[in-house]
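A structural walkthrough
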Amino acid sequence: MRAAVCREFGAPLSIEEVMLGEPQSGEVRVAVKACGLCQSDLHYLAGAWGGKLPAIYGHEVAGIVDAVGSGVKGLGPGDRVVVSMVRWCGRCFFCVKGQPALCEAIFRLDEATPIHDMAGQPIVQGTRAAGFAESVLVHASQAVSISDDIPFESACLIGCAVMTGFGAVLNTAKVQAGDSVVVIGTGGVGLNAVQAALLAGASPLIALDINAHKLKVAAAFGASDCIESDSAAEDEVRRRTSGRGADSVIVTAGAGLAVEQALRMARRGGTVVVVGMPGSGATSRLDPAQFSHDGQRIIGSKLGSGQPAVDVRRFLSLYRERRIKLDELVSHCFGLDQINDAIDSAGRGEVIRSVMVFRG
Ligand SMILES: [Zn+2]
Ligand SMILES: [Zn+2]
């Protein structure tokens, strides 16, 4: 199969023929129809989190199951699915607690990559999917069936951006109707946090970004107030929240300073949810006395802290009822051969979300 291989961080990907193994017990192979280009992929490709090379990234996959290993229940060839990074066993401490994104089990695919180049050298299965390729081999727990009424290029975004943005607001912050909410960063995850907060009845619903174009898009996704992230932003948030600060601040921007800013924007007793992941080594400063005095909470949210099998169905019914926007998230589609152009344009902040599309 053809794939976009990262052989050097920060360098263009090389489009190569590579070999993918057969599904073993509990695994499925999926013919990729669409794969989103997520901010985390850009971070990985730039080397922000290190890791071994060569590797294939891409973790927002939608496609069609074409082979299943032994013991796979409820999925078979021909099924349309969304694939996420949440690989979970259903039995460990975290899975039993209902936190599959934190599953501690080690899977065969965590220990041995199923991908090799034509010289027989292993290629790392980046982000537990390696979706910038014509097929992926994943654990069956990563694949969730979807109905026929959603195009693959919209469905793929459910696998990360939608799940993460909605989950941060609904599962982690548990936003209630009438809560004031600030979303810092209006990329793919941020826009989904905005539409989740709208669905929950947040008011005001304030979006913050350094990019004026992205703020316009955030308004179209339901933000009531759009503020350019500059030195006056904290005062602006206070002014629009009766001088108190917001009930919840969702940090989707991957920057340590954004977390510090969020703590100053949250009200006393308010909640800051940290979703965005900066490069390794980034830190945020915290004044423990102030933090304690103000009785605030900071909560990390991994992939929306939800249950993919449940959440995906929920997103699909909301999509069908036109209560959430998925098609509108996709601003650019590229073929695999154009992936380096896609990476360049996403890096320049010109797109809402780019999706790699595989025809045939
Ligand atoms: Zn588990
Ligand atoms: Zn992602």
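**Description of the coordination of the zinc ion (ligand 2)**
- Protein-derived ligands of the zinc ion (ligand 2) are Cys38 (SG), His59 (NE2) and Cys160 (SG), with the metal-ligand distances lying across 2.1 to 2.2 Å.
- One chain supplies every donor for the zinc ion (ligand 2), spaced along it as C-x20-H-x100-C. Placement of His59 in the loop between β4 (55-56) and β5 (60-68) and of Cys160 in the loop between α4 (152-155) and α5 (161-172) is noted, with a sequence separation of 101 residues between them. Exposure class is identical for His59 and Cys160. Each is buried.

**Quick notes on the sheet that holds strand β11 (residues 181-184)**
- Read from one edge of the open sheet, 6 strands run β13-β12-β11-β14-β15-β16, paired in parallel fashion. Each of the sheet's edge strands pairs with one partner strand only, and the pair in question is β13 (225-228) and β16 (297-300). Taking each pair of neighbouring strands and ignoring which way they run, the sheet shows an average axis angle of 20°.
- On the sheet, helix α7 (residues 212-220) packs against β12 (205-209) and β13 and is oriented at approximately 170° with respect to β13.

**A short note on the pairing of strand β9 (residues 135-139)**
- Taking burial as the measure, the 5 residues of β9 include 5 buried ones, the bulk of the element.
- Pairing between strand β3 (residues 27-37) and β9: 5 bridges, direction antiparallel. By the bridge assignment for β9, Val30 is matched with Val136.

**Remarks on the state of the cysteines**
- Applying the stated criterion across every chain yields a total of 0 disulfides.
- Of all cysteine sulfurs, the one in Cys35 lies closest to Cys156, which takes part in no disulfide; the gap is 6.6 Å.
- By relative accessible area, which is 0% here, Cys156 ends up buried.

**Some thoughts on empty space enclosed by the protein**
- Counted according to the given criterion, the structure contains 3 cavities of 30 Å³ or more.
- In this structure, the largest cavity is lined by Met163, Phe166, Gly167, Leu170, Asn171, Asp311, Arg314 and Phe315.
- Those elements giving two or more residues to the lining of the largest cavity turn out to be α5 and α11 (308-320).
- Take the lining of the largest cavity: its biggest share by element is 5 residues, from α5.
- Looking at the lining of the largest cavity residue by residue, the classes come out as 4 nonpolar, 2 polar and 2 charged.

**Topic: the side chain of Arg353**
- By the element assignment, Arg353 lies in the loop between α12 (339-347) and β18 (354-357).
- Not counting residues up to four positions away in its chain, the partners in contact with Arg353 are Gly36, Leu37, Cys38, Glu60, Leu157, Ala161, Gly188, Leu329, Val330, Ser331 and His332.

**Points about helix α6 (residues 188-200)**
- Counted at 1.5 Å a residue, the expected span for α6 with its 13 residues is 18 Å, and the 19 Å between its end C-alpha atoms agrees.
- Among the 13 residues in α6, 11 count as buried, and that is most of the element.
- Of all the positions in α6, only Gly188, Val189, Gly190, Leu191, Asn192, Ala193, Val194, Gln195, Ala196, Ala197 and Ala200 are classed as buried.
- Directly beyond the C-terminal end of α6, a positive phi value near 95° is found at Gly201.

**Structural notes on the coordination of the zinc ion (ligand 1)**
- Here the zinc ion (ligand 1) is held by the protein donor atoms Cys89 (SG), Cys92 (SG), Cys95 (SG) and Cys103 (SG), which lie 2.3 to 2.4 Å from it.
- Seen from the zinc ion (ligand 1), its 4 donor atoms lie at angles of 107 to 113°, and the figure they make is tetrahedral.
- The sequence pattern describing where the donors of the zinc ion (ligand 1) fall on their chain is C-x2-C-x2-C-x7-C.
- Here Cys103 falls in the buried class, since its relative accessible area comes to 13%.

**Section: the layout of surface pockets**
- The calculated volume of the second largest pocket comes to roughly 240 Å³.
- In terms of lining residues, the second largest pocket is bounded by 14 residues, among which Trp88, Ala140, Ser141, Ala143 and Ala309 are the most central.
- The residue makeup of the lining of the second largest pocket, split by class, is 8 nonpolar, 4 polar and 2 charged.

Here is what the cut-offs are and how they apply
- Residues numbered from 1 in each chain as written.
- Chains lettered and ligands numbered in written order.
- Predicted model: local features only at pLDDT ≥ 70, side-chain atom pairs only at ≥ 80, totals over all residues.
- Heavy atoms only, no water.
- Donors = N, O, S within 2.8 Å, 3.2 Å for Na, K, Ca; no water.
- Helix = DSSP H or I, 4+ residues; strand = E, 2+ residues; numbered from the N terminus.
- Buried < 20%, exposed > 50% of the residue type's maximum accessible area, 1.4 Å probe, protein only.
- Pairing = 2+ DSSP bridges.
- Axes fitted to C-alpha atoms, helices over the stretch in contact; angles between N-to-C directions.
- Contact = heavy atoms within 4.5 Å.
- Disulfide = S-S within 2.5 Å.
- 1 Å grid on protein atoms, 1.4 Å probe; cavity = no way out; pocket = protein on both sides within 12 Å on 5 of 7 lines; lining within 4 Å.
- Points joined across faces, edges and corners; volume = space filled by probe spheres on them.
- Nonpolar A, V, L, I, M, F, W, Y, C, P; charged D, E, K, R; others polar.
- Expected span 1.5 Å × (residues − 1).
- Tetrahedral: all angles 85-135°; square planar, octahedral: opposite > 155°, others 65-115°.

These results come straight from atomic positions and should not be treated as a statement about function.
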